[in-house]
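Structural description and commentary
Next come the chains, spelled out residue by residue.
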Amino acid sequence: MTKILTGGVGKVEVTQAIGKLGIDALDVVPSSDMDAAMKLRTGQADYYLGTCHTGAGASLGVLVGLMGSAACHTFGRSVPTEDEISALLADGKKVFGFSMDQIDAIAPMMARAIAARG
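The present account deals with the structure reproduced in this document. (Residues numbered from 1 in each chain as written. Predicted model: local features only at pLDDT ≥ 70, side-chain atom pairs only at ≥ 80, totals over all residues. Heavy atoms only, no water.)

1. Side note on the pairing of strand 3 (residues 47-52)
Most of strand 3 sits out of view: 6 of its 6 residues are buried. Both faces of strand 3 are covered, namely the face carrying Y47, L49 and T51 and the face carrying Y48, G50 and C52. Of the pairings in the sheet, the one linking strand 1 (residues 2-8) to strand 3 comprises 5 bridges and is parallel in character. The residue bridging G7 from the neighbouring strand is G50, located in strand 3. Relative to strand 5 (residues 95-99), strand 3 is paired through 5 bridges, and the arrangement is parallel. Bridged to L49 within strand 5 is F96. (Buried < 20%, exposed > 50% of the residue type's maximum accessible area, 1.4 Å probe, protein only. Helix = DSSP H or I, 4+ residues; strand = E, 2+ residues; numbered from the N terminus. Pairing = 2+ DSSP bridges.)

Below you can see the structure in the form of structure tokens.
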């Protein structure tokens, strides 16, 4: 089972949006950014989806510092395509940030792309 941690100001909304999809292969849990970083580093979690009002800074600040920028990507206020998400996952990105007003668009696409990777 793939474990996704959610964080930031919209962590509950991201968890709910993904939960509504009913993808059994995903375990989605709200988290703090510090806890998420530790769990990602020790293999207790696979991905982190962070949200803030702009999707640029606060959504990933701690994670970029502890995981390194190579593991992180922010969409900011833009909505990526499924191909863009797949390419980022294939490139090894594990930490993603986006703005709260994009949760309904991005969270389901992220969940489906992660689940497709098995």
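2. Re the side chain of S99
Position of S99 among the secondary structure elements: in strand 5. Residue classification places S99 among the buried residues on the basis of a relative accessible area of 0%. Side chain to side chain, S99 and D101 meet in a polar contact 2.5 Å long. For S99, the residues in contact, after removing those within four places along its chain, are C52, H53, T54, G55, G76 and R77. (Polar contact = N/O pair within 3.5 Å; in protein donor to acceptor, adjacent residues only side chain to side chain. Contact = heavy atoms within 4.5 Å.)

3. With respect to the packing of aromatic side chains
In this structure the tally under the stated criterion is 1 aromatic pair. Taking 5.9 Å as the distance between ring centres and 10° as the angle between the ring planes, the aromatic pair formed by F75 and F96 counts as stacked. Placement of F75 in strand 4 (residues 72-76) and of F96 in strand 5 is noted, with a sequence separation of 21 residues between them. F96 shares its class with F75; the two are buried. Residue placement shows K94 over the ring face of Y47; its charged tip is 5.0 Å from the ring centre. (Phe/Tyr/Trp six-rings, centres within 6.5 Å; stacked < 30°, edge-to-face > 60°. Lys NZ or Arg CZ within 6 Å of the ring centre and 35° of its normal.)

4. Some thoughts on the nonpolar core
I18, L49, F75, F96 and M110 are the most contacted members of the largest nonpolar core, which totals 22 residues. For this core, the secondary-structure elements that each account for two or more residues are helix 1 (11-19), strand 2 (26-30), strand 3, helix 4 (82-90), strand 5 and helix 5 (103-117). Here the element with the most residues in this core is helix 5; it accounts for 8 residues. Apart from the residues lying within four places of it in its own chain, the contact partners of F75 are P80, I85, L88, F96, G97, F98, I106 and M110. (Core = buried A, V, L, I, M, F, W, Y, C linked by side-chain atoms within 4.5 Å.)

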